[in-house]
Amino acid sequence: MRHSAPHGEASGPSSQRIDTGFDQPRPMRDRLGDPFVGGGVGKVAGSPVETGLGSAHGKAILLGEHAVVYGAPAIVLPLLDLQATASIRRSRRGYITSDLYTGPLASAPRHMGPVLTALRVSAEQLDVRADRVELILRSTIPFERGLGSSAATSAAVVRAVANLAGERLSAAQTHDLVQEAEHVAHGTSSGLDAHAVQSMTPLRFQQGKPTTVKVADKCTFVIADTGTSGSTAAAVDGVSMLRDVQSRVVDRVVEDLANLTDDVVYSLGLGDPLRVGQSMHEAHSLLAYLGVSSPALDAVVAAALEGGAYGAKLTGSGLGGCVLAVVPDQEQAGDVAAAMTAVGATRTWTTTLTPNDFDLMTAPTARVPKGEF
Ligand code: PMV
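Residues numbered from 1 in each chain as written. Predicted model: local features only at pLDDT ≥ 70, side-chain atom pairs only at ≥ 80, totals over all residues.

### Quick look at the overall build of the protein
As a reminder of what qualifies: Helix and strand definitions here come from DSSP, where helices need a minimum of 4 consecutive H or I residues and strands a minimum of 2 consecutive E residues; each element is numbered from the N-terminal end. Every C-beta atom is placed from the backbone, and the number of other C-beta atoms within 10 Å of a residue's own sets its class: buried at 20 or more, exposed at 12 or fewer, partly exposed in between. Here the contact rule is simple: place C-beta atoms from the backbone, and any two residues whose C-beta atoms are within 7 Å are in contact.
The secondary structure content of the protein amounts to nine helices and 11 strands. Counting over 373 residues, the protein shows a buried share of 52%. Taking as baseline every contact in the protein between residues at least 6 positions apart, the subset at least 24 positions apart corresponds to 76%.

### Some thoughts on the sheet that holds strand β11 (residues 347–353)
Definition in use: DSSP bridges decide pairing: two strands pair if at least two such bridges lie between them. Axis definition: a line fitted to C-alpha atoms, over the contacting stretch in the case of helices. Angles run 0 to 180 degrees between N-to-C directions.
Overall, antiparallel pairing links the four strands, which are arranged β9-β10-β8-β11 in an open sheet. The open sheet is flanked by β9 (311–315) and β11, the only strands paired with a single partner. For this sheet, the mean inter-axis angle between neighbouring strands, taken without regard to orientation, is 25°. Inspection of the sheet shows strand β8 (residues 219–225) paired to strand β10 (residues 322–327) by six bridges, in the antiparallel sense. Bridge pairing links D225 to C322 in β10. Packing of helix α7 (residues 273–289) onto the sheet brings it into contact with β8, β9 and β10, and relative to β9 it is tilted by some 45°.

### A few points about the site of the ligand
To keep it simple, the criterion reads: Note on definitions: a residue is near a molecule or strand provided its C-beta atom, placed from the backbone, lies within 6 Å of it. The nonpolar class holds Ala, Val, Leu, Ile, Met, Phe, Trp, Tyr, Cys and Pro. Asp, Glu, Lys and Arg form the charged class, and all remaining residues, Gly among them, are polar.
Neighbouring the ligand are 16 residues, the closest being G146, S190, T232, G316 and S317. At the level of elements, α4 (192–196) and α5 (232–245) are the ones that each hand at least two residues to the shell around the ligand. In terms of residue count, α5 provides more of the shell around the ligand than any other element does, three residues in total. When its residues are assigned to classes, the shell around the ligand shows five nonpolar, nine polar and two charged.

Next up, the structure:
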């Protein structure tokens, strides 16, 4: 990636209080020094440490968002340069320091619910007192932009708690704990993000099951933030309401998205970014039909195509958030990013998939039979 997201992102959270499971606020004490700046922290697996550390990365959905909720496959890309990190240590009070809220755990506002759920469920499992820790969160993943901020932060917290307790959790155990937090963040969630923020390779994900996607040749993507936040729950509800009144049409769109997703799996396995782009272009129109695009997303998609992208689409739940474009090469990435910025994108990032050794290609003949969803 060429640019990192700035710290201090704080778009749109409600300040309403929630029941976090943490009781009384504890007396203020001096802040915990930032352990990311020096501090010499032990990280020996199997023995408890004074300060537990954890991190996880962001993600972008390449294809299949919304359809994945109805059983179709989706592909997700790891964004390794966008990172959430957590640092935790035992304390006499419960206190959190983060870009979105700093203060006693017990007074945390509603938008901290997912993180606090991750803390509570992992602490319960790992025998740590969740109300007696100081937690510091740092993140370069923009909040509420469909880039996996909440799942990555929750995964970082779960890993930090495990590190503090001297335990090593499996990816499946971490996923299950993160998924509890994701339910608080989004209501019903497909589980995609909780896998994606732990995976170093692109994943095809369907009905709870992730498989690694083969990448035969370099494939470069530009991500652009429209500067507006979307609400995953509102977007998912909107599609569900549309399906209530137009079930046959929505099921057909889901089926088409499923087929495009497997076509992209195949194209990545062939090393054919042009064909990836064509599928992305079609997918954006289908997502717009489902009502989850916006004028800002459409404008950035159009600008990406004019700037030389092979294809572009919204990524994530939509109604705001980001556009993902596939480009011929790194050089073209700059032109595409500039075109997207010219129509209002507030930030852009570039990421390149490198070829991997996995051989789990899905042939495009594996079409989804009609009526399966
Ligand atoms: O925008 P995000 O990162 O929250 O992605 C949501 C993806 C959906 O398919 C819309 C919902 C889900 O649970 O998979």
